[in-house]
Protein chains: 2
Amino acid sequence: MMRTHYCGSLTEAQLDQTVTLCGWVHRRRDHGGVIFLDMRDREGLVQVVIDPDTPEAFATADRARSEYVLKIKGYVRKRYAGTENANMVSGQIEVLAKEIETLAVSETPPFPLNDEFSNVSEENRLKYRFLDMRRPEMQERMVFRSKVTSLIRNYMDRNGFLDVETPILTRATPEGARDYLVPSRTQPGSFFALPQSPQLFKQLLMVAGFDRYYQIAKCFRDEDLRADRQPEFTQIDVETSFMSDEDIMQMMEGLTVELFDTMLNVKFDKFPRMTYADAMRDYASDKPDLRIPLKLVDVADLMQDVEFKVFAGPAKDPKGRIAALRVPGAGELSRGQIDEYTKFVGIYGAKGLAYIKVNDLSQGVVGLQSPIVKFIEPIVLQLLERVGAENGDIVFFGADKAKVVNDAMGALRVKIGHDLKLATCEWAPMWVVDFPMFEETDDGKWTSVHHPFTLPKGSVEDMKTNPGQALSVAYDMVLNGTEIGGGSLRIYTLEMQKAVFEALGISDEEAEDKFSFLLDALKYGAPPHGGLAFGLDRLVMLMTGANSIREVIAFPKTKTAECPLTQAPAPVDANQLRDLGIRLREKPKAEATQN
Amino acid sequence: MMRTHYCGSLTEAQLDQTVTLCGWVHRRRDHGGVIFLDMRDREGLVQVVIDPDTPEAFATADRARSEYVLKIKGYVRKRYAGTENANMVSGQIEVLAKEIETLAVSETPPFPLNDEFSNVSEENRLKYRFLDMRRPEMQERMVFRSKVTSLIRNYMDRNGFLDVETPILTRATPEGARDYLVPSRTQPGSFFALPQSPQLFKQLLMVAGFDRYYQIAKCFRDEDLRADRQPEFTQIDVETSFMSDEDIMQMMEGLTVELFDTMLNVKFDKFPRMTYADAMRDYASDKPDLRIPLKLVDVADLMQDVEFKVFAGPAKDPKGRIAALRVPGAGELSRGQIDEYTKFVGIYGAKGLAYIKVNDLSQGVVGLQSPIVKFIEPIVLQLLERVGAENGDIVFFGADKAKVVNDAMGALRVKIGHDLKLATCEWAPMWVVDFPMFEETDDGKWTSVHHPFTLPKGSVEDMKTNPGQALSVAYDMVLNGTEIGGGSLRIYTLEMQKAVFEALGISDEEAEDKFSFLLDALKYGAPPHGGLAFGLDRLVMLMTGANSIREVIAFPKTKTAECPLTQAPAPVDANQLRDLGIRLREKPKAEATQN
């Protein structure tokens, strides 16, 4: 090997040894006729000193610039008292260079990679990703991700899960997002689809008797990337047979506990469970951020007879909701701050944000400060009692269709909570369970909350007679208000699968066309089975405190699904398209004559 | 959990315990008023006995058919003396059933999954892959593969390699096979390519300073699948910085040694190294099967002046070769067998197969039996001395262009060796090194033997003046005549990369268009680096003794790149194509009105 040690791992343990290092010039200083190089590799930095007593090494160091690749042989010695650096693993020592070899030179990088790095556009960082990733922050993230991946595999191995690869070139999957398509050359006019998840394959692996399967699987969705999403993302994909939902949740909770303990030294208690109904009632969200102790309170029943239409309307609407959010001690919020929150809920469709400041309850209505009190005076004290208001509090109200109230007040709860630093802990994992099986679409049909293979509670008869009431045996793991994983038990009898397809309005023909192999599989002894998938990118993002999944992916795409590094996607030869039996709808001029 | 034990792992250790099993009915027998069920799960089989004393269980068992899924609670007891089965882990015991629950019923499978399985077409096996994989043979292979994968990851982790994911949606890679393309929706007319390998990304990861990278990576090639290939295959992809070719070979040899030891209890010595030149000379192959001890001997120099044109022509042709293959003790081969071998070499383009049977050397030429001796009489005894012939041997000759001789005689050497059971060992791993950098194409140009990023031996000046002579710092790992891995050191300076592109006739414009990001990366301090890729499918195939990589892939494609299970590829909606900005060249009639 060229090196004896990594730069960043040298400590006093190597004192008085001669070592050989390979790395990059992170920073160079000349001081008192001596050259100081901070040398960098994957493990971190070390200070190298070159003095004029070694003229050859000195001359080489003198030519070195930022990002030169050097091989340095030298002697490890203690730093002079007062020059130690407690922020570096190697901060107690330095290397006195004896020999230096320049392995590669570097032009001046397009942006600095040391402490001077700042304000570099993401586009530029991605274009020069091979430089951006040299920065210690990015190195640490990628090392962190690799360790997380390794720990996950270790845990799954230890628990008897088999790593089985499922196809990337496959058929359209039923997750409902847009598929990426791959034209077939051997069957012109036909296309493969890239998998949105290995859902059906992992179910087939259970039917095949593999009992416990996992895969760290690439998945693909051709979505609009407004949110923090990527065209390809990575899923920790798990499926088991003969296990209950409780067994599966415990298994995956165990993994999460181990990951946080090992990587972050964070100890978790048993994760709280919450039904979907309770989560919506108290947090107006199916992924509550439990770090924030605020809860919503339903008050529509008090508003039935008020004359104020903003409240009376939703109070009487079976699809309406009126929810109050009491924020203790936030009565000091300024008019400007309240205006900001009003704008914020507007993003979610709320038409306004009613509030009451509770100045002095002992004075009754007079002790309240609010534009709306006059409209609801008959019930306002009862209302405040319901929400448990105290002097110094502010209470916000959302009143609209339930969906608007949930979106707006759910988001407001979290935003105010973080703005006012009300979080009671750093990490709040939980399970949400008992999801509805279906939700109603705008045109009054049923659509799956998870996917059509989710096992409903109850019998086939229940499903046929009252699908709208069905709950599913599904579970989501939520961390700090983000869904990091979700799954369910699956349907494993033909009768139930057909009943669910029927509830979804999927005809026998359509089912046969798209899922004939699944229906076949259910005919030949499918075991009870279920599973779950975790989003690896999002999990690592949360654990590293990165602010986007792009920060924990080596070569991500931009929000327009492009790669600034390789310039993908790119035009291709007309011949290639001809081989595939396709042509462009708008012919580029250069190709017009060939077509 | 529903079960307490796996069926296949029960032994005398569970004697007298009550256990609960979940599994499939593998075989059912009724004998003396008692029902015997062989129950199967991932770990194997166990015999369950149900007697009429437990009428409910008996009735359930009586209804059970092959592939029913049952949950059985019962009591573990020793089998009666003489009824033990030494071929089963659980063969000393049986389970006396107390309670049986039918978890799922099964129709009669399209083919039997127990010992009666035979003569099922591969098409049918793939269509019902979820049943085919229930067979113990397939279960064992998939479990074996998962363990190999896990061992590889463990080894790489232990040696400081980071698992980094590289993109699947990327730009055309330079491996030279046909790319699978993915139309971009956000940039109509542009396409992603699926990677033929992560070659450039792993090099960029080295430039980014990650030092040691590995990935078990899906790769894609849209090739004709005549040979045993798949559109998507799995590669153990490795790259390192600051390591020599020797270091890299030792690292990967260590992995291979560990895999064979752990999985098969096979102990390897240090792998022999052989130069490409020696391999071609002695074995007429760059992937010699060293189990076969036969070697070729060049004899063209002896043939310069013979009057027999079949020999004299190639002897005088600078591109010709005449190679002799002595097969000790094979003088008994019949005329019919020799005819078969003549046909065999014909597949590789050989126009015939000359031979000499050595009956009795003491008689000189009279002791030889051969149609060609009369043409080469003056040199025949010298020839036989050269090849070391002894009484009872046969010597075959190939004389033609070197390529034809190498293809034909290389294959003949291996075929005869195996036919005559001459193999001296079961496993013969080795390294082939010192490959030529380039080979000549039919139109007289240079093309890369590996790829254009391979580091040549020698200087930039050597490359510019005499590219045809250049050897590369490349190495292939060969096992039993199959290449299972290959790699090289890579070019890490811009000057050398440009010189190699020039030798390949790649213009500056083309290089800039296709590889600008690599050229950029070489400007900013690229470390010396190199790596290797192993074919996981092929490695597992060899290790399990399977006769095709399709046998070690859960859901493979057929030779026409189709999936009989999911019916992929499949037609898609016209709307989807419109979104992607493409149309079919031949419009299917159903879509004609929509376009």
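Remember, it's a predicted structure, so these values are computed and weren't measured experimentally.

Colleague: Explanation requested: the overall build of chain A in the structure shown.
Modeller: The helix and strand tally for chain A stands at 16 helices and 23 strands. Seen along its three principal axes, the alpha-carbon backbone of chain A occupies a region of about 95 × 75 × 55 Å. In chain A, the proportion of contacts linking residues at least 24 apart, taken out of those at least 6 apart, comes to 67%. Carbon and sulfur atoms make up 48% of the accessible area of chain A, which totals about 24500 Å². Seen as two clouds, the 72 positive and the 88 negative side-chain charges of chain A have centres 4 Å apart.

Colleague: Help me out: how do you make sense of the side chain of A:Lys557 in this one?
Modeller: Looking at the element boundaries, A:Lys557 is found in the loop between α15 (536-544) and α16 (574-580). A polar contact of 2.7 Å, which involves the side chain of A:Lys557, links it to the backbone oxygen of B:Leu169. Non-local contacts of A:Lys557, meaning those with residues more than four positions away in its chain, are made with A:Gln230, A:Pro231, A:Glu232, A:Arg550, A:Glu562, A:Cys563, B:Pro167, B:Leu169 and B:Phe192.

Colleague: Explanation requested: unusual backbone geometry in the structure shown.
Modeller: Leave glycine aside and you will find that most residues have negative phi; peptide bonds, for their part, are mostly trans. In this model, A:Ala568 is joined to A:Pro569 through a cis peptide bond whose omega is -5°. With respect to the helices and strands, the residue A:Pro569 is situated in the loop between α15 and α16. A positive phi is found at A:Phe242, a non-glycine position, where the angle reads about 60°. Examined against the element boundaries, A:Phe242 turns out to sit in the loop between β10 (232-241) and α6 (245-264). Since its relative accessible area comes to 1%, A:Phe242 is described here as buried. For B:Asp16, which is not glycine, the phi torsion reads 70° and is therefore positive. On the secondary structure map, B:Asp16 appears in the segment before β1 (18-31).

Colleague: Sorry, what's going on with the relation of the copies chain A and chain B here?
Modeller: The operation relating the pair of chain copies consists of a rotation about an axis and a translation along that axis. At an RMSD of 0.1 Å, chain A and chain B line up after a rotation of 180° and a shift of 0.0 Å along the axis. This pairing of chains is accounted for by a two-fold axis. When you check the interface residues of chain A against chain B, 100% turn up at the interface there too, and the contact is symmetric in its surfaces.

Colleague: Explain the nonpolar core to me, please; I cannot follow it from the model alone.
Modeller: Among soluble globular proteins, nonpolar side chains are generally buried collectively. Counting 201 residues, the largest nonpolar core has A:Leu194, A:Met252 and B:Leu194 as its most contacted members. Here this core gets 9 residues from one element, more than from any other, and that element is helix α4 (residues 136-158) of chain B. When sequence neighbours within four positions are dropped, the list of residues in contact with B:Leu194 reads A:Leu169, A:Val182, A:Leu194, B:Ile168, B:Leu169, B:Asp179, B:Tyr180, B:Val182 and B:Phe220.

Colleague: Looking at this model, I keep getting lost on the domain arrangement of chain A. Mind explaining?
Modeller: By convention, interface size is frequently given as the accessible area that disappears when the constituent parts associate. For chain A, the assigned domains read domain 1 (7-104) and domain 2 (292-424). With centres defined by C-alpha atoms, the gap from domain 1 of chain A to domain 2 of chain A works out at 62 Å.

Colleague: So what exactly am I meant to see when it comes to the UniProt feature "binding site: ATP" (unreviewed entry) in chain A here?
Modeller: Residues and elements named next belong to chain A. UniProt records the feature "binding site: ATP" (unreviewed entry) at Arg 221, Asp 222, Glu 223, Gln 230, Glu 483, Gly 535, Leu 536, Asp 537 and Arg 538, using the numbering of this structure. By the secondary structure assignment, Asp 222 is in the loop between β9 (212-220) and β10. Residue classification places Asp 222 among the buried residues on the basis of a relative accessible area of 3%. Here Leu 536 is to be found in helix α15.

Definitions and cut-offs
Residues numbered from 1 in each chain as written. Chains lettered and ligands numbered in written order. Predicted model: local features only at pLDDT ≥ 70, side-chain atom pairs only at ≥ 80, totals over all residues. Heavy atoms only, no water. Helix = DSSP H or I, 4+ residues; strand = E, 2+ residues; numbered from the N terminus. Contact = heavy atoms within 4.5 Å. Areas by Shrake-Rupley, 256 points an atom, 1.4 Å probe, with all protein chains shown as cover. Lys, Arg positive; Asp, Glu negative; His and termini not counted. Charge placed at Lys NZ, Arg CZ, Asp CG, Glu CD. Polar contact = N/O pair within 3.5 Å; in protein donor to acceptor, adjacent residues only side chain to side chain. Buried < 20%, exposed > 50% of the residue type's maximum accessible area, 1.4 Å probe, protein only. Least-squares fit on C-alpha atoms with pLDDT ≥ 70 in both. Core = buried A, V, L, I, M, F, W, Y, C linked by side-chain atoms within 4.5 Å. Domains from an automatic or database assignment. UniProt positions renumbered as here; feature names shortened; annotations may be inferred.

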